[in-house]
Structure formats: C-alpha cells, structure tokens
Amino acid sequence: MTRKEDFDVVVIGGGPGGSATAGLLAQQGHKVLVLEKEKFPRYHIGESLITGSMPTIEALGLRDKLDRMGYVRKYGGTLLWGRNQGAWDFRFTEASEYEYTFQVRRADFDSVLLARARELGALVVEEASVQDVLFEGDRAVGVRYLRKSDAEPTTVNSKLVVDASGQQHLLARKLDLIEYHSDLRNLAVWAYFQGCNRYSGTRWGDTLTENRPNGWFWFIPLSDSTVSVGYVTPIEAFKASGKTLEELHASELAAADEITSLTAPATRVSGFRTIKDWSYTCKKFYGPGWALVGDAAAFIDPLLSTGVGLTLRGSLGLFETANLALHNPNEETALYERYERNYREFLNSLLEFVRFFYDRTKSKEDYFEAAQQSIDPKRLRPRKIDFARMLSGVSGMRDIFDGPLALRAFRDSDAPQTPDTLAG
Ligand SMILES: Cc1cc2nc3c(=O)[nH]c(=O)nc-3n(C[C@H](O)[C@H](O)[C@H](O)COP(=O)(O)OP(=O)(O)OC[C@H]3O[C@@H](n4cnc5c(N)ncnc54)[C@H](O)[C@@H]3O)c2cc1C
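Just so we're clear, the structure is a prediction, and the values are computed from it rather than from any experiment.

Engineer: Before we move on, could you go through the domain arrangement of the protein and cite the residues and values that matter?
Structural biologist: On domain assignment, one finds that the protein holds domain 1 (3-72 + 98-176 + 279-411) and domain 2 (184-278). Just the C-alpha atoms count here: the centres of domain 1 and domain 2 sit 27 Å apart. Residue composition of the side of domain 1 that touches domain 2, by class: five nonpolar, four polar and four charged.

Listed below in structure tokens is the structure:
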C-alpha cells in the first residue's frame, strides 16, 4: 500500500546541493521535501572550500554560525606546481571581498546545512532512499522513496524534482545523461595525520597542492592538530605501479618535497580511504519537471577543491530559476534553459582550465595567462588576480544572478581593477 503526499519541490539528497537549494526555496514559501538516504552526521570527502561558496552560505544565513564553529580559516592556497622552483601561493583577498573560507569536516558542515534547510521550512526526512523518479509522459511528477523504518514505499507528487543525489546521480543514470571525461579518470587515497609541521600566518590554513610525476598530493589542515593528506593518480599509473593504493601513498609521500617535510614528524591517525574520481558532465541539466544540481549534474576533478563551491553556486542558480519558474510556469523552459547554459559555461571554463593546469611543464605565469584568457579576455584585471578569481570560484558564471538575490561578489565589474603590475 503506498501513501501519497504533495509538494512544490522534492529534493533528492541532503548534501550541500540539496540542502542549499531546498533551504532557499523553502525560505521563499515553497513547500519543499528533502529525502536523504543517510542519517546525518555522515562522513563525506570534499573538505576544502573555496570563497565561491560564501555567497550561498550568506544567503542561507550561515556565515556567522560557521565563523563561530571554529573551522580552520582558509585564506588561500599554496602550490608546488608547474616548472617553477619551490612553493608559490595565491590569496582569496586578491579575488573578491571574501578574505577567507573554511576547511570543514563534512559530517558537521553538511549537518549544519541540512539543519538550516529544516529551520527555513523544508521538511527533511533522513534514512529515506529515493528509489525512482516518476514520470507522466516526459514530465517528472514526483518520486517513490522508502524509509528505513517502513516496509512499503511512499509516493510523493511535486511540481519539480531536484536531483542532488551527488555521484549516485539517480536521474542521470535513469535518463542516460552521464558523459565521462576520459582524460580525468583518477583514484584518490587519503588518511588523516596529526603532529604535522604547518605554515605560519595566513598560510596556516592553506591547502597545499603538490605535484608528483604521476599524480599529486593534497594537504588540507582540518584543525589545530589534524591534516588530511591525499594522493590522486590516474588509474593507469596506479595499475602500472604494481602497488596497493596504501603502498603508493606511502612511497609517494616519502619521495615528495614539501609534503614530506610537513608530515615528517606526524603520526597517521586513521585508516586509508579511497575513492575513484572520474570527471563527467551530464548531457542535460533539466527537463520538464526536473533539474540537476551539484555532483548530480557534473563533477570536475578535485585538483582545485572546487566541488562544494561549484555545487553551492549551482544551488543558488537553481534556486533563483525554480523560484521564478514556480511563479511563472509559462516561462519554465526559458528559465531552465538559462540555468543550464550558464551553469554549463561556468563548469566548462573550469574544466578547460583544469586540463591546462594538469600540464606541469608550464610556469605559473602560463597558468595566470590561461586564467585571464578564460575569464577576462579583455584583460581588465592583472593576470594574477584572474588566476585567484578562477581558483576562488568567484568568476565565470554570468546572468544567473540577475534575480532577487543578485550577489555583488559574482559581478566581474566589482573585482579589483588595478594596473597589470602584479601580472607574472
Ligand atoms: C577525491 C575527491 C576529493 C574532493 N575534494 C574536494 C575538496 O577538497 N573540496 C570540495 O569542495 N570538493 C571536493 N570534492 C567534491 C565534493 O565531494 C563534491 O563536489 C560535493 O560533495 C558535491 O555535493 P552534492 O551536494 O552535489 O553531493 P553530496 O555531497 O555527495 O550529497 C549527495 C547526498 O545525496 C544522498 N543520496 C544519494 N542517493 C540518494 C537517494 N537515492 N535517495 C536519497 N538520498 C540520496 C547521499 O547520501 C548524499 O548525502 C572531492 C571529491 C573527490 C572525489
């Protein structure tokens, strides 16, 4: 026996994409249901934020709360990358008004976002796994889900189904929408360490990204004591090594440069975790009655720590789109078409840049130049600032923010515009 319920919007998944979209829509008075298959808090990879996350965090009214939670503040990034000798860095403050963002334990961070969606009026049901999206003709009209505590599934009807199920990408699998980027098929292996050496000053909370001949390391300081140290390598390189992923992590760590010295006095305090990270973009981000956001729409390589930032920017765009479309159903197609176009353009510019960045034969000046060509072809800003804007995720996604929550931080005209003296 199935039950029936009705909502304006059903959101599949209570990660950052689902929580943010749901919370913002509920805040505008829409009747929203979030179905999350896990019980929060739950572990998740993706701990290093970029400042492109901050406008959505502010729109949700969470900025002060996150400040008070004592997360490590991340003011920028340090890189051992390309053919330059030694470490180099960028500061978020070069890119926008946001001086810092956070390094987060996702179990806590995602719980805060999901709780906020509840506070803003969304009905959130945990341990509720969506089994299928229901269609009438080509229009999505609801979902069927099963609660852990129930023997029978429940059916809900809604005007809009948002798939924010992350890399489960429920709807994209059903509709065969996933297109993998075959050059970005990696494996990641990571563990947590205590007692690491650390940078000082505003670099204390930096993510360090260090190049290796067949991969790269992340060093993400999560608290005063704990650092996540992860190694990412193409699947072929892993297979060719003849090692287990754990052995590969250990041997690459021993042979690295900066990360070896930072971790020299440290003790590993967790087991290893591993995940495949294959980049993909879906062929469509919307259709009648449905839309995708976050990893359910696309995943671009973790190299620049952009996942949550892209997801939260996408959520803001989807919120504005869905809010308008629910009030103006006749404009639905045009609104979602704009959402997809802008989101895709933003993702593509990052994808293109990541591909360029993976070429370690370049110098940092080449990376600055590539960032400028991508997001500032008229050369209105110094190249180094364009690079910082690219890595901060505060540039490149236009138009979406024309709605009521139009956010200054994303307007290119607001970026620092000083002579090109910093370039190179
Ligand atoms: C190796 C690696 C390193 C990364 N490092 C970073 C980083 O440093 N910084 C960063 O910003 N990003 C990073 N990311 C990316 C980041 O993890 C994701 O981009 C981000 O979590 C996407 O958020 P989301 O809300 O779209 O999906 P998720 O956070 O995955 O949330 C999806 C939610 O949907 C739920 N769900 C799934 N299926 C169902 C269902 N059928 N019914 C109900 N609920 C369901 C899941 O339980 C989950 O809670 C990394 C990714 C990888 C692979």
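Engineer: Describe the site of the ligand, naming the residues involved and giving the relevant values.
Structural biologist: As a matter of local geometry, the ligand sits amid 37 residues, with Gly15, Gly46, Gly166, Gly294 and Gly307 nearest to it. Put simply, the parts of the chain that give the shell around the ligand at least two residues each are helix H1 (16-27), strand E2 (32-36), strand E8 (128-136), strand E16 (273-282) and helix H9 (307-327). Among the elements that take part in the shell around the ligand, H9 stands out by supplying four residues, more than any other. For the shell around the ligand, a count of residues per class yields 13 nonpolar, 18 polar and six charged.

Engineer: An account of helix H4 (residues 106-119) is needed here, citing residue identities and associated values.
Structural biologist: In this model H4 runs 19 Å from its N-terminal to its C-terminal C-alpha over 14 residues, within 8% of the 20 Å that 1.5 Å per residue would give. Inspection of H4 places Phe109, Asp110, Leu113, Leu114, Arg116 and Ala117 among the buried residues, and these make up the whole buried set. What you see down the axis of H4 is that its buried residues fit within an arc of 155°, all on one side. Where H4 is buried, its residues meet H1, E2 and strand E7 (123-126).

Engineer: I'd like a description of the environment of alanine 20, backed by residues and values.
Structural biologist: Within the element layout of this structure, alanine 20 appears in helix H1. According to the C-beta neighbour criterion, alanine 20 is buried, with 33 such atoms within 10 Å. Setting aside chain neighbours within four positions, we find alanine 20 in contact with Thr56, Leu60, Leu113, Leu312 and Ser315.

Engineer: Got a sec to walk through the confidence of the model for the protein? Specific residues and values, please.
Structural biologist: Overall, the prediction assigns the protein a mean pLDDT of 92, with 92% of residues at 70 or greater. Note that pLDDT drops below 50 for residues 398-424; the model gives that stretch 46 contacts with residues more than four away or on any other chain.

Engineer: Just give me the short version of the packing of helix H10 (residues 332-357) against helix H11 (residues 364-375), but keep the residues and values in it.
Structural biologist: Viewed as axis vectors pointing N to C, H10 and H11 meet at an angle of 165°, and their least axial separation amounts to 10 Å. Regarding the angle of H10 to H11, the classification is roughly antiparallel. Crossing geometry of H10 relative to H11 is assigned as right-handed. Across from Ser349, Glu352, Phe353, Phe356 and Phe357 in H10, the residues of H11 making contact are Tyr367, Ala370, Ala371, Ser374 and Ile375. Considering only residue class, the contact of H10 with H11 consists of seven nonpolar, two polar and one charged.

Engineer: For the packing of H1 against H4, give the residues involved together with the corresponding values.
Structural biologist: Interhelical geometry of H1 versus H4 gives an angle of 25° and a closest axis separation of 8 Å. Between H1 and H4, the angle falls in the class roughly parallel. Handedness of the crossing formed by H1 with H4: left-handed. Only Asp110, Leu113, Leu114, Arg116 and Ala117 of H4 make contact with H1, whose side of the interface consists of Pro16, Ser19, Ala20, Ala22, Gly23 and Ala26. Taken together, the residues of the contact of H1 with H4 break down into seven nonpolar, two polar and two charged.

Engineer: Account for the nonpolar core, naming residues and giving values.
Structural biologist: One finds Val10, Val11, Ile12, Val32, Val162, Ala291 and Leu292 to be the most contacted residues of the largest nonpolar core, which totals 119 residues. In terms of residue count, the dominant contributor to this core is H10 (nine residues). Shared between two domains, this core holds at least three residues of each, these being domain 1 (3-72 + 98-176 + 279-411) and domain 2 (184-278). In contact with isoleucine 12, other than residues within four places in its own chain, are Gly18, Leu35, Val130, Val143, Val161, Val162, Asp163, Ala164, Ser165 and Leu170.

Conventions and cut-offs
Residues numbered from 1 in each chain as written. Predicted model: local features only at pLDDT ≥ 70, side-chain atom pairs only at ≥ 80, totals over all residues. Domains from an automatic or database assignment. Nonpolar A, V, L, I, M, F, W, Y, C, P; charged D, E, K, R; others polar. Near = placed C-beta within 6 Å. Helix = DSSP H or I, 4+ residues; strand = E, 2+ residues; numbered from the N terminus. Expected span 1.5 Å × (residues − 1). Buried ≥ 20, exposed ≤ 12 C-beta atoms within 10 Å, placed from the backbone. Arc of directions from axis to C-beta. Contact = placed C-beta atoms within 7 Å. pLDDT = per-residue confidence, 0-100. Axes fitted to C-alpha atoms, helices over the stretch in contact; angles between N-to-C directions. Parallel < 35°, antiparallel > 145°, perpendicular 65-115°, else oblique. Left-handed = near helix turned anticlockwise from the far one by under 90°. Core = buried A, V, L, I, M, F, W, Y, C linked by C-beta atoms within 7 Å.

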